[in-house]
Each structure stands twice: as C-alpha cells, then as structure tokens.
Amino acid sequence: MSTAALHADSHHDHHEHKESFISKYVFSMDHKMISKQFLITGIVMGIIGMTMSLIFRLQLAWPDEQFGFMETLLGKWAVDGKLDPNFYMGLVTIHGTIMVFYVLTAGLSGTFSNLLIPLQVGARDMASPFMNMLSYWFFLASSITLLSSVFIETGPASGGWTVYPPLSALEKAMPGSGLGMTLWLSAIALFIISSLLGGINYISTVLNMRTKGMSMNRMPLTIWAFFFTAILGLLSFPVLLGAALFLIFDRSFGTSFYLSDIYLEGVGALENIGGSPVLYQHLFWFLGHPEVYIILMPALGITSEVISTNARKPIFGYTAMVISLMGISFLSFIVWGHHMFITGMNPFLGSVFMILTLIIAVPSAVKAFNYLTTLWKGNLRFTPAMLFSIGLVSFFISGGLTGIYLGNAALDIQLHDSYFVVAHFHLVMGSAAIFGMLAGIYHWFPKMYGRMMNNTLGYFHFWITFITAYLVFFPMHFMGLAGVPRRYYQFTLLEDFNVWMDVNKLITVSAIVGGAAQLLFIYNFFYSIFKGKKATANPWQANSLEWSTPVERIHGNWPGEIPTVYRGPYEYSRPDREEDFFPQYVPDDSAPEVLHTEEHQVAPEEKSPEEVESSVFFAAIKRVFGLS
Amino acid sequence: MRIDTLRIRLNSIFKKSLAVLSFVLAPMMLLAADVIEPPKEFSIANFDWITILSVLLALLIILVIARAFDIGALTEKITGKTVVSWNNINAWVAIIFLVAGLFGVWYELKVHGPLLMLGNSASLHGDTYDSMFYWTFGFTFFVFVVTEVLLFYFMFRYRYNENRKALYYFHNNKLEIIWTIVPSIVLTFLVLRGFTTWSKITTEIPKESQEIEVFAYQFGWKARYAGEDGSLGNQNFNFISGSNPLGVAEAGQVDELVKELEGEISKLEAFKASADDSILAWKGRYDRFVATGLSRTYPEDFKTLKTKFNDGVSGAYVRTLEKDIKRKRTALNRIAEYKKDDGFFDGTANDDRVTTEIVLVKNKPYIFKFRARDVIHSAYMPDFRVQMNCVPGMPTQFAFTPTMTTTEARSIKNKPEYDYYLFCNKICGAAHYNMKIKVTVVENEAEYNTWLASQAPLVAPKVAEQTPAAETEGIETEATDNTVAMN
Amino acid sequence: MPKSKVKDPIPAVPPARLNMWLFMAASSMLFAATVSAFIVHRPDAESRQAWTAFDLPIFFLYSTIIVVLSSVTIFYAQKSAKSDELAANKNFLLLTTVLGIAFCVSQYLGWQQMVRLDLTFVNARPEDISASYVWVITVLHFVHILGGIGLLIGTWIQAIRLNVHKKSMGLMTLTHTYWHFVGVLWIFLYLFLYFAE
C-alpha cells in the first residue's frame, strides 16, 4: 500500500467533516497553509530586522545626536538616547542573522518551496506533510529563541552574524558572548533542524511526486531552483551544526577545538592550547557560501518564472538556465575559502580558491544575459511582480560584478571587511533576494489568498524601494574603496572618515524612506488578504500547473484528478496559437511540443541567424546531465 | 494655542497607548525587568526632525496613493476607458531612472572618486594592486553600463502593446556559447593577473626585511622592535602581565609574574578554606536585609548579595575558586617548563622596545609579524594596501615596503594633519571602532634611529658602572615599575 | 469535491524511504564535517605539541565486531520478512536489538577505558585534543545508534502485531536500511580513527 495514495485518500476523507480552527490554521499540515505561516513569520522577522538596521543607521549618521525615543524603546541600551556600543554590535549581529536565516532562507525558500513545489509539479501535498508542519514549528521556536535574546540583561549575541570564536566563545570578551550567544546557538540549532526537515521534503517531493507527463525537463525553473537550493541546504547545514557543536563544547565544557594561547584582561592566561580559530571559519563558510546561493537561487527561480510570464515570451535558454543553476550549486561547495583570504591561510590555497570563485561568474553571467534576451522583443506587462523581477536582475548585475573584485585574492587584501563588502552582498544577496521574494508575493498572492493585491500601491512600493536601495548601497562602494571598515560604531574618532559623514546621512535618510515604503507593502498585503479584489483562477494568463487549481484553495489542491502535463512551462506567444499562452495542462494533439524550426523562432523581418545544430558542446552537456 | 492642545492630546494618547502596550507586554517586561526602564516623561522635542518628517512623509504617501487610486478606478469604471496606462508610466519611469542613475554614477565617480585609496599608494606592492584594480574596474564598469542600459531600454522599448505578439525565441546555441566563452576569456585574464599579483604580494619577501611584531589586544595595538642585537626575543602568552603586556620572555618580569600568581593562588586557597564561613556571613547579611527591609531600600546591593549567597549555597562559588586556582596553577607549571629551557630566556628580549607607535623608513622592506592575545583582530592599513588577521595562537605575517613618507602623503593629499593609521578591521568587541595605532614613515635611517633611541628598552641597560646619580635613577624607575605591576 | 475516489499517480519510491536516504545524506555530511575537522586540525595542533596519538580502547574493536554481527542478523530479518517467515523475522529483530544494546554497552565500556587513561572529553592535558575528537565522533554516532534501536524496537512491536510481512515491508525496509547505515558508518569511523590515531 503506497503511503502517498493513503494520504490522498485521507485528504478527501478530511473534507467531509469540517476542520477545526486549530487543525486548519495552527497545526496545519496543508502545504499552502504552512507556506503562509512561513511567509507571515518571515515578514514579521523582516520588519524586526529592518527596524534594527534603521536604529543603527541612525547611530552612524548622527553619532552625536540624542534620540529620545531610543531610550524609551531600548531602555538601558540607549541611555540619554545614545546607542550603547555593545548593543550596536548586538543589533548588527541580530540584523544579519535575522535577514540571512530567518527572512531570506526560511521566509523566502520556506514560503515558496512549500507553496509551489506541490502545485507546480502536480502533487496533492508534500511527501511528508507531518515533517513539513514540524519544520514550521521548529522555525517558529527558533525565531522566538533568537528574539528572546534581545531582552536579556547581557544583551544578544554580538560577534557579527558569523560569530567567530574566540570572541563568541569567551564570556569575558564581550557581554553578548554570554547568555545571548547561548541563545543564538540554540536558535541556530533549531533552525538547522527546521531547514533539514523542510529540505528533505522538498527534494523528495520533486523527485518522487511529479504528475504524469511532468518530466524533469518540463519542470518550471522555480522548481529547479528550489530543488538545488534544498540539496545545498541538506548538504551544508549539517556542517554548520558540526561547527556549532564544537563551539558549544568550547563554551560550556572547556574543550579546545577553537581556543588557543589566550590571555584575557581580568582573567589571566587560559588553559586552552592547540585549538584552531581558523577551523571554525572553514566549517562556518563551508555552510556560509552555499547559504548565499540558498538565499539567491529561489529568488532567481521566481524571477525566471515571472519574467517569462509577463514578457509573454519563453524563457531564453531553459537548458542553459538549468545547467548554470547546477554549476552554481556545485561550485558553491568549493569556494568557501574566498571569505578567508586574509586569515593567514596558505597563499597557494588562496590562489586555488580565487580561481574556483571566479569561475562562478560564468554561469552567473549566462543567467544575466539570458534574462536580458528574454526581455528582448517581449511584450512586457509591468505588474508589480514583473517590476520587482527586473529590479532583481539589475541588482544581480551590479552586485554580482563587484564579486569579481572580492573573489580576487589580491584585491581582497584591501577590500576585505570594508564597506565595499557590505555594498556587494547587500545588493547581490540582500536586495536581490528580497526583490525575488516580493516578486513572488505579488505574483502568487492570488494563489495564496484568492484575491489580488493593489497594483498601484505595488508600483509605488517598487519604485521607492528600488531607488532607495541603490541610494543606500551604491555610495557604500566608494566608502569601502576609501578604506572605511565595516561594523564600526562611529567614525567620528577617526578624522579621515569625517568626509563620509554626509554620505552616511544620505544613506540613513534613504534607508528610512525605503523602510517607510515597506509600510505600503504591509498595508497592501494585509488589506488585500481581506478586502482585495477577487482573483480569477489564472489572473496572469500563465502556463504552469498551479494556475489550473481552483481559486478556492482546497486541501489536496485539485478537486478531480491531477492534470497531466503535455509540454514545457514556457510556451508563450507561440506563432501557431491564437492566445499568447499555452498552458502545460491543456491537451492539444495537433500542436507539437516545441516548435523547433527556425522560421518560428525569428520574426520575418529579422535576418535568420544560422542554426548552430552542430553545437556538439551543448549536445554533449545535455547528454552528460541527462537533460534531453 | 491649538498646537499646544494638540501636543497635550498627543502626549496623553501616547501615554495611554504606552500603558496598554506595557499591560500587554507585562510578562515579557517582568522577564526583562532590569533591562527596560519605565518610560520617561514623553516630550515631542525628543524626536528629531528627520524621524518626524519621514513618518509624516510615509503616511502622506499612503493617503495620496489610496485617494488617487480610488478616483482613478472610479473614472475607469464610469468611462470604460483606461485613464491611466501604468504600463507606459512604468516604462517612462524606467527611462528616467536610467538617465538619473547614470548621472548618479557619474556624480559619484566625480565627487567621491578622488577620495578613494587608489593611485597614490604608499607601498611598493600598492602600485601592482592599483593596476589590478583598474583592469577589473575597466571590465566590470563596461559590463555594468552596457547591461543596465540594455535592461532599462528593453523595459521601455518592449512595453506591452496588445496588437503585438512577443517573439517566440527560446534558445540560440550560438549566442549562448558566445556569452559563456567571452566572460570565460575575460575572467581567465583577470584570474591570471590576480594570481600573479597575489603571489607577488604574499610570497616575494626580500631576505633583508626587518621584522616588527605588531600585537593586538582588546582594544589597542602595540609594536615591538628589536634592539641593538637586531633580533626579537621569544614570547609566550603565559608570560603576559600588567607590566609585560606582550608576554615577552624577559626573566625579571616573568619572575615577578610568578610571584604575583603564587600570591593570588594562596589568596584564593584562603578564600576556599574559609568558604563555609563566608557563606554563613552572607546568609546572616541576607537574612538581615530581608528582616529589616533593607532589601527594598538598596535593591542593587541586595541583588549582588543574593547572587553571592546563591552561588555560595549551590557550590558555584567554590567551583569558581577551584577553577581559578587550577588555571593559575597551569600557567605556573607552563612558565616553569619554559624556565627549564635555557634557550628560551636567552636575553635577546631584554633590549626589545615595546612602542605605541609604528615608525618605518621609506623604501626599506619590512615584515610585520602579527599576534593577538584575546580574540581575532585584523591589522588594516589602507594607505599601504595591507591587511592581515591577527589570530590568537596562530602567528601571521605581511611583508611590504613603504614608499611614501608621512610628510609626502600630507603634501599630496593637501592635508597638513594627515597621518597613516593601522586600524582593527575584524569585529572584536565594544571599542572595535576605536582601535588604532599611528604609523609614521620617515625619510631616512637617522630619523628612525633617533626615534628608536627615545624608546625605553624592556630592561634598562646596566648603568651601575656610570655615575651614581644615574644608578639611583635606574633603581627608582625600577621601583616605580614594580609598584605599577603590583597595582 | 469529487464523490468518487480519484486515482493519483503512485510515487516510484515510497516517500518515507526516500526521506530516509536524504536524512542519511545529511547526517553523513555531519560526520564528514567532524572527520575533516579532525584531519585539518591535526597537523596544525601537532606543530604546537597539542596532539597525541593514542590507541583506541579495545572495546571499540568489540563494538565493531558486534556491528558486523548485527548487520548479518538484520539482513536475515529483512530476508525472512520478505519470505513471510514471521517467527524468524521476530527473532532476528530481537537479536539485532540485543546486539544493538550490546554495542551501546561496549561503547560505554570503551569510554570508561578512555577516562581511566585520562583521555577525558575536556582535556586533562592540553595535548589531548585528539581525545576530544574521538569523544565527539563516537558520541554523535551513539546518538544515531539510539535512533536505530528505537526503530528496531518499533519494528519488533509491529512484527509481534503481525504487521511486518511480505506485503507490508515499509517499516522493515526503513529499519534495515538505517541499521546498515549506522553499521557502515561505525566501521568507517572505527577504521578512520584506528588508522588516524
């Protein structure tokens, strides 16, 4: 007896008696409800993380000013309205942790993997709905643990989101390394469990539960992206767990994995000998670098889907997109050393990591060019989702290019830990991934709540956010190039940095305006849940399978049989069709699956480029990866 | 008058909402009772203008848009025509953004470009570094401009038109191969250049380089120069004491430390022996505090006492003492081990100079040996294109040759007060932002020697053979040193 | 909602089994991380006289033998279940469980032996970081074994209730796979530690 069939049956049984509030909204096992839980928790965490960044931006722009409300808000951490340096470090750390793990890993991947994987591959639910539910509750527990650390007497963990020992291992080194750090580690352990439970489910569903006709090469790029993301998480999070375990042992039991030759003011020489602080960095970045792609790839997948749908044009180079995702995933495991060029690592090892790192630029470039070509000669409908996707492409290019500087070991000597790094990753990973998430929310809101979000507010939200994001992060490149270090509480003590005061003010004001623009989104989101315009089943005239489900979100997704898939997901504007879209689930025997002939590809007035069917290279790659 | 009433009303609204909020948050507040203080008297003057303005701005935007949208939707419904074509508006905004953005990039390059640490590096390898940077900048800036222009131009050019159908164009192997291969070639070039630059900087170290130890601690830097014998003495973290912050193997100071440690151990032993009595005494005080109500008049003292008392009863007090004793014993044993090794205390350290400033000679190769004693720090000298982490237990190094004196830098930058600094660039604690040491590059060896001579060696050279006045002076300084150490 | 039962496509692999394989991949990565930390850390610590190689306790060898034996018994448990020999299946399951518990005891004795040699988790001497690694690796594996014993007992109870037979092999196969995984894992870890120490 197959378990999946059992599940499917039990879903139908379920519907005959009404579900209780608890089982429907709280301990729900329906993937759509779980995805909403992830989303709303993610949004709440996002607001908290953003507010924290605004608080420390205020400190950076007006270091001598006293902000009365800060004392009301933070109590002893802002006596006389002036932020405490220790708490500044805490804010920086928790902002980073929240954004990286809680918003952009769980909030983005958790939401959309849960929502879209079953809907787009044609499954009634995840492979294991119970594990899926556990995944959310571990995530929530983890969020609460992390947030509770802000309220303790010694303050939250404050060694930066990378929590390098010995700083994070020694309680006497800074107040945040006490209980705050313990809570941070427990939160991360819970988070790892959550993301492993989720990841196992995503992979298992994609591999095993696709509907009839949904072969791997007919999967939407979103699914490919979630699939590789889940694999990255599955293989890299256990390593972080190992790193965290060693750190816990060093902190609480007195082992010497990371500690050696330490003398602490007021304590004296410690006993630990022979530990290696750099070992932690190796273990951490073995997760840390794939983590960057865990954040970015779902956003890229969402963008591919949204751009193709709203350009009314097939995504350009589907196979190349999949191969570049695959290449990025593979390479991301062997480049972690580029975070450590100046740790005193063997210079030869540095060269190796440099070469591997710069190779990643190739698949990334392919992706960027393919997005551009998809837009070329399209028929672009600017829905808010489309705008956010285009914004992502813009960020991906401008943030990705600076990666070529940082991946270069020689250039990294000067740029490491400067504002250049801050600018780089906030553009390519922070803003780009947030834009992907917002694009996803605007695009799939009708599938989540059966209503539409307000487009006008969406446009304002997009343009304000897009412009302010550039205003915040673009000038930071220049600060970094002038040698301004990151994670500084204030710059007034170093005279050379005074020239950047006006830039700091500009950044902070832009950040506040950008933050205020998010209120539009919050308002739009929650208003539309209850009062938005009623959606139709397929409001964007899209091809993929999720739009074949009814507007009422039912348990089990499809009222009848799961539809069969007849073709790839990006058959837009086919010359042989009346409408400009051709859903995957519409049978039409007379239509060939793909139009391979050249005359269909190029408009008559265009010169027909010579067909390169002799492309042994591509054919070989296709065969190697079994894509054709 | 009206503004005043408004202020009062706002005040009361705020207070009320705070009261409601604190009622809701009461359990959390109880948990965090010592963190969050009761709200002070609210005064609108406490807000600075920027916060007020931005919040107002945000609210205004929401209102305006909501209104505008309502009206727009209504007219569209009535006339049945599209009044606002958002597609066109967005396309035009994209073009405006593109032009404004390119102008912004140009403005930034023009205004902030000259401030960058590029072009006039103060070290030999800095020029190689800068040329590597310019090559990378050339390629990336070209790609940046071309792709961004195309992106926004496409947005404008191919905006929606219901009479048009998009081009059905799903792949073109030739194109895809081109943009796989072209970036690969460019990157190969950058990688090769980066590889040679990196190898040159990290591995080509002149043999005659002078060693300087740069020592990082929370929160400051110290440098150690070799004295007349030209070599730096040994060091170990177990030797660190108040008067010997770098833990240099200098017999006199280490002996002092041994005495100090032994003293501390016997003190701790005494505490441990009388632990029961202390706990009883604390209990007595604790009971008295509770009985007389002093616990409420002096809550802070009572809290400390309570912690002490609890630690005493649970045995944590004795355990901490035992741990301290064990740690100090280990340190003593390790010092004894080193003491047995004659080669370790060979006296090379005696003439070393520990300084609070780094002075270098122009065009002389140096090799900086970095050490840290508590957490990871990073020595960052942007003027010299130098950065290296300082890791406790793992010595690191960076070799470079300064090529520009401080005076020259001042005249080039046109800033008479300009100084080179070495910053900390790895998060290391609360005062991370203020951890720096001045670096001065002088023109010639003579200036450097004068400076070095003015720095006191670790052990004052034997002056007994000289005048009796100098002798007493020497003893006096030693005596003051000792008192400092004892303190 | 449709009144009639709808036939959904049946997954090629039972989801639980696939999930188990994925879990095993994840936990292999955890061990890969600890083992590579061991490999990377060793030369570094050796250069600072903070690493001593020592002989593994003899009990770890006994554990290895027990694991090999239990792999044989779980293999027969699976085989007998497939051919519907329910009594044999029950007995083999019980035997495997007993061997699993014996493994735990043997590990415990091994750790005691290490403590007697002063090779404690929190190093008594600075040069015993190697011992800390052995502790971490063996205890992490022990946690996996405990999970395995739980699965074994669960399967055994199901077997008593006659729920394990030719047509209901789901749980049995899971247990079988997992027990082989922890077994192979232990053999690998033992050989690694044996040759590394």
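Relevant structure appears above.
Predicted model only: the values in this text are computed from it and were never measured. (Residues numbered from 1 in each chain as written. Chains lettered and ligands numbered in written order. Predicted model: local features only at pLDDT ≥ 70, side-chain atom pairs only at ≥ 80, totals over all residues. Heavy atoms only, no water.)

## Here we look at the overall build of chain B
The secondary structure content of chain B amounts to 14 helices and 10 strands. Across chain B, the fraction of contacts at a sequence separation of at least 24, relative to all contacts at a separation of at least 6, is 70%. Just so you have it, chain B exposes about 26,600 Å², and 63% of that area is on carbon and sulfur atoms. (Helix = DSSP H or I, 4+ residues; strand = E, 2+ residues; numbered from the N terminus. Contact = heavy atoms within 4.5 Å. Areas by Shrake-Rupley, 256 points an atom, 1.4 Å probe, with all protein chains shown as cover.)

## Considering the pattern of salt bridges
Counted by the stated rule, this structure contains 29 salt bridges over all chains. Residues A:Glu153 and B:Lys303 are paired through a salt bridge, measuring 3.6 Å at the closest nitrogen-oxygen approach. In this pair, A:Glu153 is assigned in the loop between helix 6 (129–148) and helix 7 (179–208) and B:Lys303 in helix 10 (residues 299–314), connecting two distinct chains. With relative accessibility at 37%, the residue A:Glu153 sits in the partly exposed group. On the accessibility criterion, B:Lys303 (38% relative accessible area) is partly exposed. (Salt bridge = Lys/Arg side-chain N within 4 Å of Asp/Glu carboxyl O. Buried < 20%, exposed > 50% of the residue type's maximum accessible area, 1.4 Å probe, protein only.)

## Describing the packing of helix 6 of chain A against helix 7 of chain A
All names here are of chain A. For the pair helix 6 and helix 7, interaxial distance at closest approach is 8 Å and the crossing angle is 160 degrees. Taken together, the axes of helix 6 and helix 7 are roughly antiparallel relative to one another. Viewed along their axes, helix 6 and helix 7 form a crossing whose handedness is left-handed. The residues of helix 7 that touch helix 6, namely those facing Met131, Asn132, Leu134, Ser135, Phe138, Phe139, Ala141, Ser142, Thr145, Leu146 and Ser148, are Leu183, Trp184, Ser186, Ala187, Leu190, Phe191, Ile193, Ser194, Leu197, Gly198, Ile200 and Asn201. Looking at the contact of helix 6 with helix 7 residue by residue, the class counts come to 14 nonpolar, 9 polar and no charged. (Axes fitted to C-alpha atoms, helices over the stretch in contact; angles between N-to-C directions. Parallel < 35°, antiparallel > 145°, perpendicular 65-115°, else oblique. Left-handed = near helix turned anticlockwise from the far one by under 90°. Nonpolar A, V, L, I, M, F, W, Y, C, P; charged D, E, K, R; others polar.)

## Things to note about the sheet that holds strand 10 (residues 436–442) of chain B
Residues and elements named next belong to chain B. Here we have 5 strands laid out as an open sheet, ordered 4-10-9-6-7, and mixed in their pairing. What marks the edges here is a single partner per strand, and that holds for strand 4 (357–361) and strand 7 (386–390). Averaged over all adjacent pairs, the angle separating strand axes in this sheet is 20 degrees, with direction ignored. In the sheet, strand 6 (residues 377–381) pairs with strand 9 (residues 420–424) via 2 bridges, with the strands oriented antiparallel. Opposite Ala379, over in strand 9, you have Cys424 as the bridge partner. Packed on one face of the sheet, helix 13 (residues 445–454) meets strand 4 and strand 10 and runs near 155 degrees to strand 4. (Pairing = 2+ DSSP bridges.)

## A short note on the sheet that holds strand 1 (residues 210–217) of chain B
All names here are of chain B. The sheet built from 5 strands is open, its strands ordered 3-2-1-5-8 with mixed pairing. This sheet does not close on itself; its edge strands, each paired only once, are strand 3 (353–355) and strand 8 (396–400). Averaged over all pairs of adjacent strands, the angle between their axes in this sheet comes to 25 degrees, without regard to strand direction. One ladder, built from 5 bridges, connects strand 5 (residues 366–372) with strand 8; its direction is antiparallel. Among the inter-strand pairings, Ile367 is bridged to a residue of strand 8, identified as Ala399. Lying over the sheet, helix 13 contacts strand 1, strand 2 (220–225) and strand 3, oriented at roughly 110 degrees with respect to strand 2.

## Quick look at the packing of aromatic side chains
Enumeration according to the criterion identifies 125 aromatic pairs over all chains in this entry. One cation-aromatic arrangement involves A:Arg577 over A:Phe582; the distance from NZ or CZ to the ring centre is 3.7 Å. B:Lys339 extends its terminal NZ or CZ atom over the ring of B:Phe345, reaching a point 4.8 Å from the ring centre. (Phe/Tyr/Trp six-rings, centres within 6.5 Å; stacked < 30°, edge-to-face > 60°. Lys NZ or Arg CZ within 6 Å of the ring centre and 35° of its normal.)

## Here's the deal with helix 11 (residues 316–340) of chain B
With 25 residues, helix 11 of chain B ought to run about 36 Å at 1.5 Å a step, and its terminal C-alpha atoms sit 36 Å apart, in line with that. For helix 11 of chain B, the complete set of buried residues consists of B:Ala316, B:Tyr317, B:Leu321, B:Asp324, B:Ile325, B:Arg327, B:Lys328, B:Thr330, B:Ala331, B:Leu332, B:Arg334 and B:Ile335. Buried residues along helix 11 of chain B sit against strand 2 (268–269) of chain A together with helix 7 (251–273), helix 8 (275–292) and helix 10 of chain B. (Expected span 1.5 Å × (residues − 1).)

## Focus: the environment of B:Ala379
Residue and element names in this part refer to chain B. Considering the arrangement of structural elements, one finds Ala379 in strand 6. Exposure remark for Ala379: the relative accessible area of 1% places this residue in the buried category. Taking the C-alpha atoms as reference points, Ala379 and Lys426, separated by 47 residues in sequence, lie 8.3 Å from one another. Those residues in contact with Ala379 that lie beyond four places of it in its chain are Trp221, Phe370, Val386, Gln387, Met388, Cys390, Leu422 and Phe423.

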